[in-house]
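This is what each chain is made of:
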Amino acid sequence: MIFVSKQWEGVWFSDPILDFDESIGNYYGHAQHEKFVKFINNILKRYLKFCDDQELKLLAVKKFRLCMRRYLSSDAPNVDKWLSLLFERSIEELDISLISGITGDLENYSVSHTTLVNAKSLTSLNLECVTIKNMDGYYSYTYEVKKRTMVPRADDLVSKCLLPSLKTMSLKTVQFDHGALFPLIWECPVIEFLSLTSCSFENCRDYCQHLFSSSLKFLNIDKCNFIGLRIGEAVNLESFRLVSPLLEDLVLDNCVKLKDMNIENTRWNQY
């Protein structure tokens, strides 16, 4: 346990970078995990109290990092509360890793449109071991039989700017609900860097995944489980790296600035 004296509290909160890592320290077992969660709640409570006392209600949090090694589905309300607080404080960089350490409790934390609706100041987003929920309530699709692909309808190709400031996004071991990838990226009008590592996609063997972005410059995809990918309207894409043992179909549409492309595909090497 760390104690911060009153005279140092102002210095501590003047540099609003909050980093909580369950892999550091003695947070083993359920009781210790509860202590870790309680510790985070106490720190954030003190942070809010200090801001209120100093009339710093608009003090922005520059970065928040949370690494859990024993995430439980019962932790979801706490994570919701923490994210809501951070978005109110205009968080700029968010790094969340929620690895389950309990056998039998494998329900990921769910990130939805509602989760991110107030994340207008976010410039960098790193997520690991979460589920990206679909946004079928915000987008509709038509099915092209010959291409085995769900195509967003033209009327829906108007960005709602869910994440208007986001420039970099890294997703690792993330599960995507059906139809979740396209709207997530489409809602980031200034994104420049995107990395997908060991991500899984619902109905991955039945439908091609769509990724449309006119601002994207760097795209890295490593060992994701989809068999088809269409990258569209990527007029500023400069670098594309793809490692995939499963991919069968790849379409690059209007990638006029592409300079560096590296594709590793064992299936293609068989032909």
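Here the structure is a predicted model, which is why all the values come from computation and not from measurement.

1. Here we look at helix α3 (residues 76-88)
Then, number 1: When the terminal C-alpha atoms of α3 are compared, their 18 Å separation across 13 residues agrees well with the 18 Å that a helix rising 1.5 Å per residue should span.
Then, number 2: All of the buried residues in α3 are Ala76, Asn78, Val79, Trp82, Leu83, Leu85, Leu86 and Phe87.
Then, number 3: Where α3 ends, the next residue or the one after it, Ser90, has phi of about 55 degrees, a positive value.

2. Quick notes on the sheet that holds strand β9 (residues 168-172)
Then, number 1: The parallel open sheet is built from nine strands, whose spatial order is β1-β2-β3-β5-β9-β11-β14-β16-β18. Looking at the sheet topology across the chains shown, the edges are occupied by β1 (17-21) and β18 (260-264). Across the sheet, the mean angle separating the axes of adjacent strands is 5 degrees when strand polarity is ignored.
Then, number 2: Here strand β16 (residues 239-243) runs beside β18; their pairing, made up of five bridges, is parallel. Each residue of the ladder has a partner; that of Phe240, found in β18, is Met261.

3. Some details on the sheet that holds strand β13 (residues 209-212)
Then, number 1: The three strands lie next to each other as β13-β15-β17, forming an open sheet whose pairing is parallel. The strands lining the two open edges of the sheet, one partner per strand, are β13 and β17 (249-252). With strand direction ignored, the average angle separating the axes of adjacent strands in the sheet is 10 degrees.
Then, number 2: As defined by bridge partners, strand β15 (residues 228-232) adjoins β17 across four bridges and the pair is classed as parallel. Opposite Gly228, over in β17, you have Asp249 as the bridge partner.

4. Side note on the confidence of the model for the protein chain
Then, number 1: A residue-level look at the protein chain finds 76% of positions with pLDDT of 70 or above and a mean pLDDT of 83.
Then, number 2: A low-confidence stretch, residues 138-150 stays under pLDDT 50, and its non-local contacts, those more than four residues away or across chains, total 43 contacts.

5. With respect to the environment of Arg205
Then, number 1: As for its placement among the helices and strands, Arg205 is situated in the loop between β12 (200-201) and β13.
Then, number 2: A relative accessible area of 45% places Arg205 in the partly exposed class.
Then, number 3: Distance from Arg205 to Gly228, taken between C-alpha atoms, is 8.1 Å for residues 23 residues apart in sequence.

6. Regarding the nonpolar core
Soluble globular proteins tend to bury their nonpolar side chains together.
Then, number 1: Counting residues in hydrophobic clusters, the biggest one holds 67 residues, and the most contacted among them are Leu66, Met169 and Phe176.
Then, number 2: The leading source of residues in this core is helix α2 (residues 29-53), at eight residues.
Then, number 3: The contact partners of Leu66, leaving out residues within four places of it in the chain, are Phe20, Phe36, Ile40, Trp82, Asp95, Ile96, Ser97 and Leu98.

7. Let's talk about the pattern of salt bridges
Charged atoms that come close allow side chains of opposite charge to pair.
Then, number 1: Counted under the stated rule, the structure contains seven salt bridges.
Then, number 2: Between Glu93 and Lys62 there is a salt bridge, and its shortest N-O distance comes to 3.8 Å. With a gap of 31 residues between them, Glu93 in strand β3 (residues 93-98) and Lys62 in the loop between α2 and β2 (63-68) connect regions that are remote in the sequence.
Then, number 3: Classification of Glu93 as partly exposed rests on a relative accessible area of 25%.
Then, number 4: You can call Lys62 partly exposed: its relative accessible area is 39%.
Then, number 5: Residue Asp177 is joined to Lys133 by a salt bridge in which the shortest nitrogen-to-oxygen separation is 3.1 Å. Of this pair, Asp177 sits in the loop between β10 (175-176) and α5 (181-186) while Lys133 is found in the loop between β6 (130-132) and β7 (141-144), placing the two residues 44 residues apart along the sequence.
Then, number 6: By relative accessible area, Lys133 is classed as partly exposed at 31%.
Then, number 7: Residues joined by salt bridges that share partners form a network here, namely Asp19, Asp21 and Arg65.

8. Some words on the side chain of Ser124
Then, number 1: If you trace the backbone, Ser124 turns up in strand β5 (residues 124-128).
Then, number 2: A polar side-chain atom of Ser124 sits 3.1 Å from a polar atom in the side chain of Thr168.

Basis of the calculations
Residues numbered from 1 in each chain as written. Predicted model: local features only at pLDDT ≥ 70, side-chain atom pairs only at ≥ 80, totals over all residues. Heavy atoms only, no water. Helix = DSSP H or I, 4+ residues; strand = E, 2+ residues; numbered from the N terminus. Expected span 1.5 Å × (residues − 1). Buried < 20%, exposed > 50% of the residue type's maximum accessible area, 1.4 Å probe, protein only. Pairing = 2+ DSSP bridges. Axes fitted to C-alpha atoms, helices over the stretch in contact; angles between N-to-C directions. pLDDT = per-residue confidence, 0-100. Contact = heavy atoms within 4.5 Å. Core = buried A, V, L, I, M, F, W, Y, C linked by side-chain atoms within 4.5 Å. Salt bridge = Lys/Arg side-chain N within 4 Å of Asp/Glu carboxyl O. Polar contact = N/O pair within 3.5 Å; in protein donor to acceptor, adjacent residues only side chain to side chain.

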